[in-house]
Every structure is written in C-alpha cells, then in structure tokens.
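Coordinates in review
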Amino acid sequence: MSVSTGVLGTRVEGSHVSDAAATQRRWFGSGRSTDPDPRTAGAQAAREALSGRSASLVLVFCPADMDVEAMLDGVSAEASGVPLIGCSGIAHLASGGPAEPCVVVSALGGEGFQIKTSLALNVSAGQRSAGEHVAESVEALTSEHKLLLLLADGLAGEQHELVRGAYSVAGATVPLAGGCAADDFLYENTLQFFGDADGVRVLRDAVVAAAIGSDAPIGVGVAHGWRKTGEPMVATKSAGGRVDELDGEPALDVFAGRIGVDRSMAEDEQAFMHLALKRPLGLSRRSGEDIRVIHGGSVASGALQCIADVPQGALLWMMESDRDGLLRTVDDAYTEAVTPLDGLPPLGLLAFDCGARYLFLGPDGVEEEMSRLTTKAGDAPFAGFYTMGEIGRSRGAQGMHHLTLVLVAFA
Amino acid sequence: MDYHWSIHQLTEYFEAVTSQDDEWVAIRGAVERAVEALGAELGLVIRGDDIVACVGLGRATPPVSTISPALRGAAFIEIPALGSLHAVAAGLDDDRVEHLVICRIDDAFSGEERQLLQGMARVLGLALRSLRALRVERTLRTERELEAAERLRLVDTLGSRQRLLESMLTIQRAISHRAPSQTILDAVTTGASQLLGGAFLALVIASPVDGQHRVVSSSAPGSDDAGYTTLVMATAAEAVAIDQLVTRTDQLVDGAAHTALAAPVHIEGQTAGSLVTVAKSDDADVDDWRATLTAFAEQASVALTDARTVEAMRDAYQDLLTGLPNRALFMDRLNHSLQSAARQGVGITVLFIDLDRFKDVNDSLGHAAGDELLAWFADRIRESVRGEDTAARLGGDEFAILLERTVGDSAGLAVARRLTGALREPLRLTDREIFASASVGIASSGSCAGTADELLRNADIAMYRAKRTGGGDALVYEPTMHTEAIEGLELGPDLYHAASRGELRLEFQPIIELRTGAAVGVEALVRWKHSTRGMIQPNVFIPLAERNGVITEIGEWVLRQGCTAAATWRASSIPDLRISINVSARQLDDPAFADLVAVVLTETALPASALTLEITESVLMRDPERAIDLIRPLKALGVRLAIDDFGTGFSSLAYLQRLPADQLKIDKVFIDAIETSVEGSAIVRTVADLARTLSMQTVAEGIETRQQHTILQTLSCDLGQGYHFARPLKAEAVPGFFAGRDRPATADAGRLPLGRRIGIASEQPA
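Residues numbered from 1 in each chain as written. Chains lettered and ligands numbered in written order. Predicted model: local features only at pLDDT ≥ 70, side-chain atom pairs only at ≥ 80, totals over all residues. Heavy atoms only, no water.

Turning our eyes to something else, we now look at the overall build of chain B. Helices and strands together make up the secondary structure of chain B, namely 26 helices and 27 strands. When each of the 766 residues of chain B is scored for burial, the buried share is 54%. Taking the contacts inside chain B whose residues are at least 6 apart along the sequence as the reference set, 64% of them involve residues at least 24 apart. Total accessible area on chain B stands at roughly 32700 Å², and carbon and sulfur atoms take up 51% of it. (Helix = DSSP H or I, 4+ residues; strand = E, 2+ residues; numbered from the N terminus. Buried < 20%, exposed > 50% of the residue type's maximum accessible area, 1.4 Å probe, protein only. Contact = heavy atoms within 4.5 Å. Areas by Shrake-Rupley, 256 points an atom, 1.4 Å probe, with all protein chains shown as cover.)

Have a look at this one:
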C-alpha cells in the first residue's frame with residue numbers, strides 16, 4: 001500500500017484486483033441481521049450474503065450508532081482479506097426482510113468480475129480531487145463493462161464536485177453509482193469503511209470506491225417522483241449549500257411563506273428539518289428538476305441550508321410528491337437499470353435510496369416500497385441503504401441526486 | 001406554457017465561470033457546466049488546431065480532426081469510445097479562434113439549447129478576456145505597480161462583475177416572474193446602460209410580422225434630441241447583417257464624434273436584432289464596453305428566445321381577428337413612412353375607414369356575424385392595396401390604410417373607390433344578405449405639419465364628415481372640417497341649454513299623397529340656431545344630442561312644440577293635418593315616454609290619431625320583442641307608428657308582422673335607385689306590396705325629381721316627401737303650403753332642390 005500526501009490531504013490507495021474466484025460461476029448475494037450483538041450481526045449478515053462462496057467484493061451498510069468496529073470484525077471473520085467498502089446509513093434494505101436500521105452485507109464474485117477498490121481522505125478539503133483520485137481505479141480495469149461505485153461522506157459538502165472529479169477521469173463510458181453515508185438525521189457522525197488484506201478501517205470525511213469490471217452489462221437507474229409546483233424563485237444569493245436569498249428576500253422567509261409556516265419554526269432544528277425534508281427545492285435542469293433537500297434554516301440570518309450546492313442565479317421550484325409518485329420510482333428506476341442488460345436477468349441489485357424518502361414514506365410506505373422492489377427483483381437478491389445523497393449516472397455528466405432512488409443491476 | 005429550462009441557466013453559468021481567477025480552471029469549469037447544463041456527455045474547448053480542454057473522455061483527448069466537423073456545422077461527430085454524437089459548436093468571441101463544442105449521445109440540440117450554448121461560449125470568452133488582460137498586465141508592470149494595479153483592477157473587475165451579476169439576476173427574476181416582455185427587455189437595456197456608465201442603450205429587433213427593425217427598448221425612450229436614431233439603426237443593421245459586434249463612428253447634431261457599438265442578438269439561434277450603445281467618442285471605452293455589451297446581448301437573446309416572448313411580440317403587433325397589423329404597428333409604420341417621405345420629398349396618404357352601422361349588425365345578427373363582417377372587410381381592404389402599402393385594423397370597426405409614395409389625393413380616392421365598389425355586392429352573413437357600406441376619410445401628408453397622429457386624425461375627421469352625409473361616401477380632408485369637428489366638441493354644453501335659451505325651432509316638411517298630390521301631413525324637424533355660430537346642422541347636433549343624452553329633453557320639446565303647432569293648424573285651416581315626430585332610441589327606452597305623450601296630447605288637445613311617431617327600423621330591431629312591449633302603451637293611446645328608414649335595418653318579417661306599425665317609410669337610398677335600375681324599382685314595389693299586406697302605408701323619403709314621383713306612383717307607393725315637393729318649411733309657411741296643395745299640382749320651381757349631390761343639401765340661413 002502506498003501513501004502519498006498532496007496539498008489537499010492524504011490519499012491512500014488500495015490495490016486489489018480480485019481474480020481469486022475466476023473459475024466460479026458469477027454470483028451476487030445479500031444478507032441482513034438485526035442481532036443486538038454487533039459482531040454477531042456482522043457475521044450473520046456476511047454469512048448469508050456469501051453463502052460459502054468466495055467473494056470479489058463485499059459491501060457493508062449499517063447504522064452509525066452501533067459498535068461498527070465489532071460489526072466489521074464479524075464481517076471480516078466471514079470474508080477475510082476480501083476488498084470491502086461500506087458506510088453508515090439511516091436505514092438499510094436487503095432481500096428477505098423489512099427496510100430498517102440493521103446490518104446489511106452484499107457481496108459479488110465469480111467469473112467475469114474485476115474489482116479495484118480505492119479511497120481518499122480529507123475529502124472536504126477537495127472533493128473534486130478526491131473524485132479524480134478514486135476514479136483512477138477504473139483505468140486498471142480491462143473488462144468490457146465497467147461501473148464506479150462511490151460511497152461518500154454525506155457531511156463533506158460539495159458532493160457534486162466529487163462526482164465532477166470522478167467523471168473527469170472515468171469519462172462517459174463508465175456509469176457512476178453509489179450513495180452518501182448518513183446517520184440518523186443527526187448530521188454529525190457519518191462513517192465510511194475500507195477493508196483490504198490489512199484489515200478494515202472506519203473512516204470519516206472520506207470517499208471509498210470500487211471500480212467494478214464485468215463481462216456482462218451493468219445498468220444504473222435513477223428516478224425521484226417529485227414534480228415542481230407553484231411559481232419559481234431565483235437563488236439571488238447563495239454559496240455552496242447555503243441559500244441566503246430567494247428573489248432578493250431572506251430565503252427562510254420565502255420558504256416559510258411558501259409552506260405556510262412561521263419562520264420561527266426554524267428555531268426547532270429537528271422539527272424544521274422533518275418539515276423541510278418533505279418540501280424540497282428543485283433546480284431547473286434539462287433532464288427535469290435537480291432536487292435539493294433543505295435540512296436546516298437560520299432564523300438569525302434567514303438562510304436555508306441544503307445538503308448540496310444551490311448555485312447562485314439558479315432557478316428553483318418548490319417540489320411536491322405523494323406516496324404513489326414516490327413508490328412509482330421503484331418501477332421507473334428498475335426499468336432503467338435493467339434495460340442495458342440486453343434481456344439478461346439481473347444477478348443482483350444495489351439500492352441507494354434517499355433517507356428523506358424513508359421519512360416521507362413512513363413505515364407503511366417503506367414496506368410497500370420493499371414489496372415492490374422484491375416483486376421487481378424476483379429471484380435477484382438486493383441490498384442497499386437509505387442515504388444522505390445518491391449517486392447515479394449513465395447518461396449526461398451529472399450524477400449527484402437527492403430524494404432519489406438509484407438502482408444498480410448486475411447481470 | 002411551461003418554462004424552458006435553458007433560459008435560466010446563463011446566470012448560474014456566468015456566476016460560476018467568472019468567479020475563477022485561473023484561466024485553465026475557468027475553461028474546465030465552463031466546459032463541465034456546459035456539458036451538465038445541456039445533458040451532454042462530451043465537451044471541449046478548441047483553439048485553432050488544439051484541444052484546450054476536454055471533459056467526458058477521461059484522461060484521453062480525441063484527435064481534433066474528429067471534432068472539427070462540428071466547427072463547420074456538422075450535426076454529428078464520431079468518437080470511437082462513444083460512437084456517434086450530436087454536436088454543436090459556438091465561438092467564444094467574434095474572432096472565432098476559440099470554440100466551445102458540446103456533444104450528446106441521445107438527442108439533437110434544440111434551438112433554445114443552441115442559444116444557451118452561444119451565451120455560454122460568449123460568457124467564457126468574456127471571462128477569459130479579463131483573465132488574459134490581467135495576466136498581460138502582470139507581466140508588464142513592476143512588482144509594486146503590479147500589486148496596486150492588480151488590486152485596483154481586481155476590485156474594479158470584481159465590482160463590475162458584481163454589478164453585472166446583479167443586473168443579470170434582476171433580469172432572471174423578471175423572466176422567472178413572467179414579467180411582461182417589455183419589462184424584461186427594459187431590464188436588459190437599463191442594466192446594460194448602468195454598467196456602461198449611463199450610456200445610451202437601445203435594443204433593436206426585427207418585427208416578427210414584417211421584418212422591419214425597430215427599437216423595442218431603450219434606456220432613454222421617447223426622445224432623440226441627440227439624433228442617435230440614424231447611427232443606432234445603421235450600426236444595428238450592420239451587426240445583424242454580419243452577425244458580429246460592430247463599431248461605428250459618426251458626427252451627430254452636437255458636432256461631436258459619437259461611437260456606437262452593436263452586439264447581435266439572437267432568437268432561437270437566428271440573428272434577430274442587436275443591442276446598441278452610443279456615446280461621445282471621447283467618453284467611449286470601446287474595449288471595455290465590448291465585453292459587457294456582449295454579455296447583455298446574450299442575456300437578451302435567451303430572454304427573447306423564450307417562446308412566450310416571441311409570441312407576445314407577435315401578438316403585440318397583429319390584430320387577432322383579421323390578421324392585419326394593429327394600431328401600434330400601423331402608427332409605428334406611419335411614423336417611419338412620414339420621416340422617410342419627408343427625406344425623399346414624396347407624399348404619403350392615409351385612409352381612415354369605418355364600417356357604417358356596424359353596431360346594428362352586431363346587435364341584430366350577433367357578434368359572430370359582426371366578426372365575420374370585419375374579417376370579410378379586412379380581406380377587401382387587403383385586396384385594395386399594393387404590397388408596399390399597409391392596411392391595419394385600428395380597433396372596433398375602424399380600419400386604416402397607409403399608401404406610400406403618393407402625389408396628391410388621387411391615389412387615396414382610387415383606393416376608396418375600389419373599396420366602396422367592393423361593398424356594392426351583398427354579403428351573406430349567417431343566413432341573411434346584407435349590404436355593407438363604409439365611410440372613408442382621406443388625408444395626405446401635405447395636409448399637416450408632419451406627425452403621424454395629426455395625419456391620422458385628419459383622415460378620421462374626413463371620415464366622420466363622410467359618415468354624416470349618410471355613409472358609403474369618401475371625402476378628402478379639408479382644414480374647415482377640422483374646425484367643424486372642434487365645434488362639435490364645443491357645442492355639447494351649449495346644446496344642453498339650447499331649448500331653454502330659445503335657440504331651437506321646428507321646421508316642417510310636407511308629406512304628400514302621391515296619387516293626388518295633396519298635402520296630408522308634415523314631419524317635424526328640429527333646427528338649432530346657435531347664439532353665436534348661427535345655424536348648426538342637424539347631422540351635427542342630433543348625433544351629439546344622442547351621445548350626450550340631451551336628445552330626451554330636445555325630444556320632449558319637439559313633441560310639445562309639434563303637437564301644439566299641429567293642434568293649432570287643425571283648429572284653424574287644416575283640420576285633417578297629421579304630424580310626424582321622430583322618436584329616438586333613448587326616448588323609446590324611457591318607461592315614462594308613453595305617459596309623456598299622453599300628457600302632451602291632453603295639454604295640446606291634439607287627437608292621438610293625428611300624431612305619428614317615427615322610429616327607425618334599426619332602433620326597433622335592436623330588440624324586437626322589447627320594442628313591441630315598448631310600443632304597446634303608445635299604440636294604446638291611439639297614436640300611429642311609422643317605421644323610419646325602412647330597408648336599412650335588419651327586420652325579421654316575423655317581427656315586422658307583429659309590430660303594430662301604421663307606416664313604412666322607405667329610406668332615401670332606395671328611392672334614389674328607382675330611376676337608375678330595374679332592381680331598384682322592384683325593391684320599392686316589393687316593399688310597397690309588403691306594406692300593403694301588413695296593412696301599412698308606404699312613405700317614400702327624399703323624392704327629388706318628377707321622374708321619381710311618377711315611378712313611385714306606378715309602384716303603388718302611398719305617400720312621399722322630399723325636395724321635389726318642398727324643403728322643410730317654417731311654421732308660418734305651412735298653412736299657405738297646404739292651401740295650395742289640395743289638388744294635383746306641379747312643383748314650385750323656386751323650391752326645387754339644389755341638385756343631386758349625395759349628402760346634405762345646404763340649408764339657407766334663416
């Protein structure tokens with residue numbers, strides 16, 4: 001392992017191209033566990049995902065508030081030395097059980113897969129260069145079909161720069177997919193995991209990535225189910241994710257007026273966040289509105305805080321959706337993900353679903369969502385987590401999303 | 001209509017690109033944002049034969065030969081890794097050395113997207129120019145000077161950039177708030193003017209209707225004291241012609257040299273006009289202005305490309321019903337033509353055309369029929385003008401024609417004749433055939449000092465004068481008409497007091513039994529002798545009285561005076577005399593009118609059967625059911641009813657049958673025709689037969705010749721009146737006239753009409 005220190009921070013590179021299971025039939029597995037003992041939970045989930053097979057890549061998703069070190073020990077016991085990436089999430093999903101905070105392990109292996117993992121640290125100091133760096137791992141792949149899987153830090157900010165950097169190196173021929181690590185809407189403790197032959201580390205302010213090469217196609221589907229409503233507004237003053245003014249007025253005042261509440265509601269952070277999560281903004285874009293989730297507001301300054309950047313001068317709409325619209329995204333994303341498979345049945349699916357959707361849908365809606373995904377997936381196992389930002393790109397150059405469902409289908 | 005996403009991207013893009021202080025970062029950021037905004041996969045900046053930046057192929061850079069077809073306008077390029085992509089290119093500046101090229105897998109680029117890319121390329125060019133200028137300065141100055149200058153320049157650049165950004169945000173908000181198109185365009189010119197230190201700014205656009213260039217927005221609207229117009233329009237035209245920023249210098253009215261810059265403006269990718277600034281050459285910082293003007297021109301382009309704006313502009317100039325230019329466009333052209341004609345020493349002529357009795361068509365046949373008439377008439381107008389002339393609908397039933405390069409009034413009269421000739425044929429509306437007619441006023445540019453408003457007003461006055469003669473006429477403006485029109489306006493207040501001041505008097509036109517020649521009655525006609533102006537023509541003050549409502553008071557005065565006179569004559573020497581009195585629509589509508597008539601009959605002791613109330617056919621047919629209700633109490637008194645001006649309204653035979661009328665007064669128009677055409681006679685005979693069937697008498701109006709009298713007798717018309725028999729008489733002359741008319745008699749040569757001129761015969765002053 002080499003360590004290089006650049007101007008913007010420390011970069012660490014993993015260098016594993018998995019070929020151990022080259023003769024094995026290609027496979028995809030998922031497992032879940034709600035065992036209260038973290039080590040047991042990790043081991044159980046991993047055992048279920050691998051089912052005795054030799055994995056090329058392991059993905060681990062879990063709540064941020066558990067003993068992740070112990071959990072990862074349990075996973076490593078079942079998949080020692082296997083390239084591993086993972087992160088914390090709001091809740092987690094896998095075949096065979098409800099979506100809830102739990103440990104989910106997903107794995108793939110067998111013939112026709114190439115894997116190269118990588119990571120970058122201190123990403124908040126330079127998301128673009130972090131994205132460029134991890135995307136370089138794609139260059140090592142020789143497979144016909146490629147995917148760059150990214151698990152980023154939801155608190156790092158400027159996540160679009162991460163995707164821009166990754167795209168600048170990976171290019172238009174490599175789809176991007178992934179999600180941003182989350183905690184339970186606390187916005188304070190998001191974790192990323194990186195494991196290799198030397199063990200598994202728990203990281204913060206990092207991006208972990210897996211460049212996946214495959215002999216069979218890989219598809220990415222993206223859908224959100226939100227629609228714009230009312231009259232648009234211009235972000236007359238904004239920087240990064242902070243929107244100071246809309247149409248020349250304090251953004252909080254405009255937003256509160258639009259949703260019919262008093263601006264003082266923003267004093268209760270949790271209450272405001274839960275309210276605002278269901279009333280996102282949409283940036284006017286060619287492909288439809290690019291959603292921005294509001295997760296905070298400042299009564300003092302009148303600014304709104306969004307998870308992702310809102311460019312100054314951008315045209316914005318209030319967005320609305322309903323249960324049906326949100327659930328239809330499962331069908332839409334699935335269809336888009338499996339279309340590139342050229343008729344081949346999916347081997348397995350990864351799902352990166354926005355945590356705000358989890359909140360918006362509620363237990364019944366989430367159950368329905370899982371039911372739909374299970375029906376759609378059929379025999380193909382699936383795994384994923386509820387994120388603080390979704391990454392999905394197969395067309396165009398933009399890939400950072402919010403309040404969106406991203407599905408990856410492997411054939 | 002939904003917003004097109006593209007029109008809102010440029011400000012975002014501008015902010016992102018111009019915030020960079022490193023040239024390479026600016027270029028890369030610009031390409032990335034352009035690729036993202038357009039949903040594309042590949043973006044490049046090419047300088048000559050070098051690819052300066054490439055986004056979308058990872059670390060690889062394609063050979064420039066694979067990209068250069070896009071610079072030559074190719075819609076597709078081939079990239080080995082990606083296959084065939086839709087491609088579009090835009091130059092970063094006028095030199096077209098550097099280009100921004102965007103390529104997309106899925107869809108072709110729309111007009112709006114091309115427009116957006118052009119704006120993005122120009123903004124990148126603007127940013128690079130500033131950055132390169134900074135770099136040049138850095139290498140030319142000493143370190144200390146460099147620091148100071150750079151600080152100043154950065155501050156200035158930042159300040160300018162901030163102001164530019166704020167202006168663009170203002171424009172963005174106007175667009176997003178769906179502000180009226182004019183508001184958006186004014187925001188562009190105002191913003192640009194402010195950025196250019198208050199310099200004059202104009203946005204010149206080719207009209208989507210006729211292609212003529214016009215100033216649609218200006219930082220100093222309405223005035224051209226400095227004489228900018230010629231320089232502005234010439235510079236704008238050149239910028240449009242070559243689709244590049246243009247600079248021109250000229251000496252203007254103040255003797256100083258002035259410089260104009262024009263940056264082309266595009267709508268849906270096509271050059272459509274330009275943004276022009278003018279200032280004294282000493283004050284103009286052309287190099288500095290070039291970039292700002294270009295940025296605002298691009299902003300104007302995206303605003304204008306918004307389809308909604310294009311539509312609104314089209315609607316702003318075109319009358320929707322007829323497709324003719326509207327008043328705004330007509331006045332604009334008239335202004336333009338007047339100035340041009342003055343310079344070339346030629347004349348222009350304006351025709352003001354008004355459909356006669358259009359309100360009656362609307363009221364009788366419905367608004368759909370009215371619209372059909374207007375559209376049909378618009379087609380007749382179109383057919384009567386040359387391609388270089390302009391026909392317009394001013395509104396309502398008013399139309400105008402502008403004839404270019406005329407000498408005198410002959411061209412105007414010729415067009416008027418063509419129009420009135422086209423109107424001789426009947427028109428079928430709904431299931432009715434009607435005869436339309438129009439009054440035409442003609443005024444040429446020699447008739448006034450030279451403003452468009454004056455010329456149109458003169459034509460209007462002439463038209464109004466023509467209408468007063470009965471319609472279907474064309475008159476050329478004379479200055480005396482203006483005086484008359486002014487008088488009409490000033491007479492209103494005096495008319496209110498005319499009765500109380502004793503300025504009104506009645507004259508009486510005899511009604512003759514055609515078979516015997518005997519006088520059987522009189523029609524009372526009101527006259528007004530103004531205390532200072534003398535006799536005011538009835539065709540001036542009667543319409544005025546109807547408009548301002550004093551017709552009710554005048555009508556009551558006429559009723560009383562007429563009944564009093566008739567009663568007196570009946571008591572003295574003409575026991576069987578009948579008197580006919582005209583009743584206006586307002587009087588008929590008055591629920592107290594029947595009571596008034598009853599009171600007057602009682603007070604004057606005039607038998608009801610001696611009184612005939614004349615109501616025009618068009619008034620009765622406004623609402624026939626209501627008319628029947630209104631007439632019923634009058635008939636109950638025993639008075640007679642005459643349908644006046646019959647043949648000019650739109651009677652339904654069903655209602656005619658139900659109306660309790662005693663007389664049909666055949667309009668003069670038909671009486672005029674009996675000498676000249678067989679059809680004319682046939683119509684009168686038909687009306688007479690109809691009247692007889694309905695047990696009504698016929699009265700022929702406006703008999704002017706012996707021949708007409710003779711023919712009417714053969715057509716079994718009962719009664720008649722007109723100059724052939726007598727002009728309206730003063731009260732004191734009536735008994736004497738009746739004394740000589742109890743047997744067939746020839747007309748008194750001294751009382752023959754003055755001629756056959758169509759219109760009002762001149763009245764001899766009292």
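Picking up after the structure, the text goes on.
What follows deals with the interface of chain A and chain B. Every contact between the two is made by 34 residues of chain A and, on the other side, 37 residues of chain B. A combined buried area of about 2900 Å² lies between chain A and chain B, and 50% of that area is made up of carbon and sulfur atoms. If you sort the residues of chain A by the area they bury against chain B, Arg164, Arg286 and Gln312 of chain A come out on top, with a joint share of 24%. Counting across the chain A and chain B interface gives 7 salt bridges. A salt bridge links Glu139 of chain A to Arg59 of chain B; the shortest N-O distance between them is 3.5 Å. Across the contact surface, chain A and chain B share 10 residue pairs in polar contact (both at pLDDT 80 or more). Elements that contribute at least two residues to the side of chain A that touches chain B include exactly helix 3 (127-135), helix 4 (159-170), strand 15 (227-234) and strand 23 (315-320) of chain A. For the side of chain A that touches chain B, the element with the highest residue contribution is helix 4 of chain A, accounting for 6 residues. Residues that form the side of chain A that touches chain B fall into these classes: 12 nonpolar, 10 polar and 12 charged. (Buried area = accessible area lost by both parts, 1.4 Å probe. Salt bridge = Lys/Arg side-chain N within 4 Å of Asp/Glu carboxyl O. Polar contact = N/O pair within 3.5 Å; in protein donor to acceptor, adjacent residues only side chain to side chain. Nonpolar A, V, L, I, M, F, W, Y, C, P; charged D, E, K, R; others polar.)

Quick look at the packing of helix 7 (residues 323-338) of chain A against helix 8 (residues 355-377) of chain A now. All names here are of chain A. The N-to-C vectors of helix 7 and helix 8 enclose an angle of 35°; their axes lie 9 Å apart at closest approach. Once helix 7 is placed against helix 8, the crossing between them reads as right-handed. Of helix 8, the residues touching helix 7 (which contributes Arg323, Leu326, Leu327, Arg328, Thr329, Val330, Asp331 and Tyr334) are Arg357, Phe360, Leu361, Asp364, Gly365, Glu368, Glu369, Arg372, Leu373, Lys376 and Ala377. Within the contact of helix 7 with helix 8, the residues separate by chemical class into 8 nonpolar, 2 polar and 9 charged. (Axes fitted to C-alpha atoms, helices over the stretch in contact; angles between N-to-C directions. Left-handed = near helix turned anticlockwise from the far one by under 90°.)

Once that is clear, we can look at the pattern of salt bridges. Summed over all chains, the structure comprises 45 salt bridges over all chains. With a shortest N-O distance of 2.3 Å, Glu388 of chain B and Arg405 of chain B are connected by a salt bridge. Of the two residues, Glu388 of chain B is situated in the loop between helix 12 (367-383) and strand 12 (390-395) and Arg405 of chain B in strand 13 (residues 398-406); the sequence distance between them amounts to 17 residues. What makes Glu388 of chain B partly exposed here is its relative accessible area of 36%. In this structure, a network of salt bridges that share partners links the residues Arg286 of chain A together with Arg104, Asp107 and Glu113 of chain B.

Residues and elements named next belong to chain A. For helix 8, which comprises 23 residues, the first-to-last C-alpha distance of 21 Å sits more than 12% below the rise-based estimate of 33 Å (1.5 Å per residue). The largest bend in helix 8 comes to about 110°, at Gly362, with the proline Pro363 one to four residues further on. Three or more residues of helix 8 are buried, namely Gly355, Ala356, Arg357, Leu361, Gly362, Gly365, Val366, Glu369, Met370, Leu373 and Ala377. Buried residues along helix 8 sit against strand 6 (92-94), helix 6 (269-277), helix 7, strand 24 (348-354), strand 25 (382-387) and strand 28 (405-410). Two residues or fewer past helix 8, Gly378 is found with a positive phi of approximately 65°. (Expected span 1.5 Å × (residues − 1). Bend = angle between axes of the 7 residues up to and from the residue.)

Turning to helix 25 (residues 706-714) of chain B, a few remarks are in order. Structurally, the α-helix is built with 3.6 residues per turn, so residues lying three or four positions apart point the same way. Residue and element names in this part refer to chain B. Listing the buried residues of helix 25 in full gives Gln708, His709, Ile711 and Leu712. Those residues of helix 25 hidden inside the fold are in contact with helix 23 (668-673), helix 24 (678-693) and strand 25 (697-700). Following helix 25 by one or two positions, Ser716 adopts a phi angle in the positive range, close to 65°.

Moving on, we come to the nonpolar core. Ranked by internal contacts, the top residues of the largest apolar core, which has 83 residues, are Ile579 and Leu611 of chain B. No other element matches the 10 residues that helix 17 (residues 551-572) of chain B contributes to this core. Leu277, Tyr334, Leu373 and Ala377 of chain A belong to the second largest nonpolar core, which has 69 residues in total. (Core = buried A, V, L, I, M, F, W, Y, C linked by side-chain atoms within 4.5 Å.)

Let's shift gears to the environment of Ile27 of chain B. All names here are of chain B. Within the element layout of this structure, Ile27 appears in helix 2 (residues 23-37). The spacing of Ile27 and Cys54 is 27 residues in sequence and 9.6 Å in space, taken between C-alpha atoms. If we skip the residues at most four places from it in the chain, Ile27 touches Val45, Arg47, Val52, Ala53, Leu124 and Leu128.

Here we come to the sheet that holds strand 6 of chain A. Residues and elements named next belong to chain A. Taken together, 5 strands build an open sheet; the order of strands is 6-25-24-28-14 and the sheet is mixed. With partners counted over all chains shown, the strands left at the sheet margins are strand 6 and strand 14 (218-223), one partner each. On average, adjacent strands in this sheet sit at an angle of 15° to one another, irrespective of strand direction. Judged from the 6 bridges that link them, strand 24 and strand 28 form a sheet pairing that is antiparallel. Within strand 28, the position partnered with Asp353 by the bridge is Leu405. Packed onto the sheet, helix 7 meets strand 14, strand 24 and strand 28 and runs at close to 155° relative to strand 14. On top of the sheet, helix 8 reaches strand 6, strand 24, strand 25 and strand 28; it is set at about 165° to strand 25, its chief contact. (Pairing = 2+ DSSP bridges.)

What follows covers the sheet that holds strand 6 (residues 200-206) of chain B. All names here are of chain B. Taken together, the 5 strands give an open sheet; going across it, the order is 7-6-10-9-8, and neighbouring strands pair in antiparallel fashion. In this open sheet, the two strands that pair with only one neighbour each are strand 7 (213-218) and strand 8 (246-251). In this sheet, adjacent strand axes meet at a mean angle of 30° when their direction is disregarded. Bridge count between strand 9 (residues 257-267) and strand 10 (residues 270-280): 10 bridges; the pairing is antiparallel.

Counting across every chain of the model gives 13 aromatic pairs over all chains. A centroid spacing of 6.3 Å and a plane angle of 75° characterise the contact between Phe737 of chain B and Phe738 of chain B, whose relative ring orientation is edge-to-face. Residue Phe738 of chain B is classed as buried on the basis of its relative accessible area, which comes to 8%. For Lys228 of chain A, the ring lying beneath its charged end belongs to Trp317 of chain A, and the centroid distance is 4.2 Å. The ring of Phe109 of chain B has Arg104 of chain B sitting right over it, with the charged end atom 4.2 Å from the ring centre. (Phe/Tyr/Trp six-rings, centres within 6.5 Å; stacked < 30°, edge-to-face > 60°. Lys NZ or Arg CZ within 6 Å of the ring centre and 35° of its normal.)

All names here are of chain A. Its place among the elements puts Leu252 in helix 5 (residues 251-259). Taking the C-alpha atoms as reference, Leu252 lies 8.6 Å from Ser301; in sequence the two are 49 residues apart. Aside from chain neighbours lying at most four places away, what touches Leu252 is Arg263, Ala266, Phe272, Ser298, Val299, Gly302, Ala303 and Leu304.

So, about the pairing of strand 21 (residues 294-297) of chain A. Side chains on a regular strand alternate between the two faces of the sheet. Residue and element names in this part refer to chain A. Relative to strand 22 (residues 304-306), strand 21 runs antiparallel, the two sharing 3 bridges. Looking at the pairing, Gly296 lines up with Gln305 of strand 22. Here strand 21 folds back onto strand 22 in antiparallel fashion, the turn holding 6 residues, of which Gly302 has a positive phi close to 80°.

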